[in-house]
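Here is how the chains run, residue by residue.
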Amino acid sequence: MFTAILVALVVILSRLLLRRREAREQWEAAGRPEPTPRTPEERERDRRTALTWGCLVVAVPAVLMLAYAVTR
């Protein structure tokens, strides 16, 4: 279980850092324009995405533990 959680965290954090770096590079290449304000639709989409990933982070290790318990 610990390994599954650790792998999930490493993957999520590495993807997050990669996306932030790409966004910063695009921002600097564009001459550092002011960021556009987030619309309510974008905020809602971000909230749903965070909820989905949060559920997956909890569900995947739980399913792995259940599979281990059943096959043991």
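Remember, predicted model here, so these are calculated numbers, not experimental data.

Caption draft 1: Fine view of the overall build of the protein chain. A count of helical and extended segments in the protein chain gives two helices and zero strands. The globule rule puts the C-alpha radius of gyration for 72 residues at 11 Å, and the 18 Å found for the protein chain is more than 25% above it. Here the C-alpha coordinates of the protein chain stretch approximately 60 × 25 × 10 Å along the principal axes. Residue burial in the protein chain is summarised as follows: out of 72 residues, 1% are buried. Total accessible area on the protein chain stands at roughly 6600 Å², and carbon and sulfur atoms take up 66% of it. In the protein chain, the 12 positive side-chain charges and the 8 negative ones have mean positions that sit 8 Å from each other.

Caption draft 2: Fine view of the environment of Thr49. Of note, Thr49 is situated in helix 2 (residues 40-71). Of the residues examined, Thr49 reaches a relative accessible area of 37% and is grouped as partly exposed. The spacing of Thr49 and Val70 is 21 residues in sequence and 31 Å in space, taken between C-alpha atoms.

Caption draft 3: Representation of the packing of helix 1 (residues 2-29) against helix 2 within the structure. At a closest axis distance of 9 Å, the pairing of helix 1 and helix 2 adopts a crossing angle of 155°. Put simply, helix 1 runs roughly antiparallel to helix 2. Here helix 1 runs over helix 2; the crossing is right-handed. For the pair helix 1 and helix 2, contact is made by Ala4, Ile5 and Ile12 and by Trp53, Val57, Pro61 and Leu64, respectively. A breakdown of the residues in the contact of helix 1 with helix 2 according to their chemical character gives seven nonpolar, no polar and no charged.

What counts as what
- Residues numbered from 1 in each chain as written.
- Predicted model: local features only at pLDDT ≥ 70, side-chain atom pairs only at ≥ 80, totals over all residues.
- Heavy atoms only, no water.
- Helix = DSSP H or I, 4+ residues; strand = E, 2+ residues; numbered from the N terminus.
- Rg over C-alpha atoms; globule rule 2.2 N^0.38 Å.
- Buried < 20%, exposed > 50% of the residue type's maximum accessible area, 1.4 Å probe, protein only.
- Areas by Shrake-Rupley, 256 points an atom, 1.4 Å probe, with all protein chains shown as cover.
- Lys, Arg positive; Asp, Glu negative; His and termini not counted.
- Charge placed at Lys NZ, Arg CZ, Asp CG, Glu CD.
- Axes fitted to C-alpha atoms, helices over the stretch in contact; angles between N-to-C directions.
- Parallel < 35°, antiparallel > 145°, perpendicular 65-115°, else oblique.
- Left-handed = near helix turned anticlockwise from the far one by under 90°.
- Contact = heavy atoms within 4.5 Å.
- Nonpolar A, V, L, I, M, F, W, Y, C, P; charged D, E, K, R; others polar.

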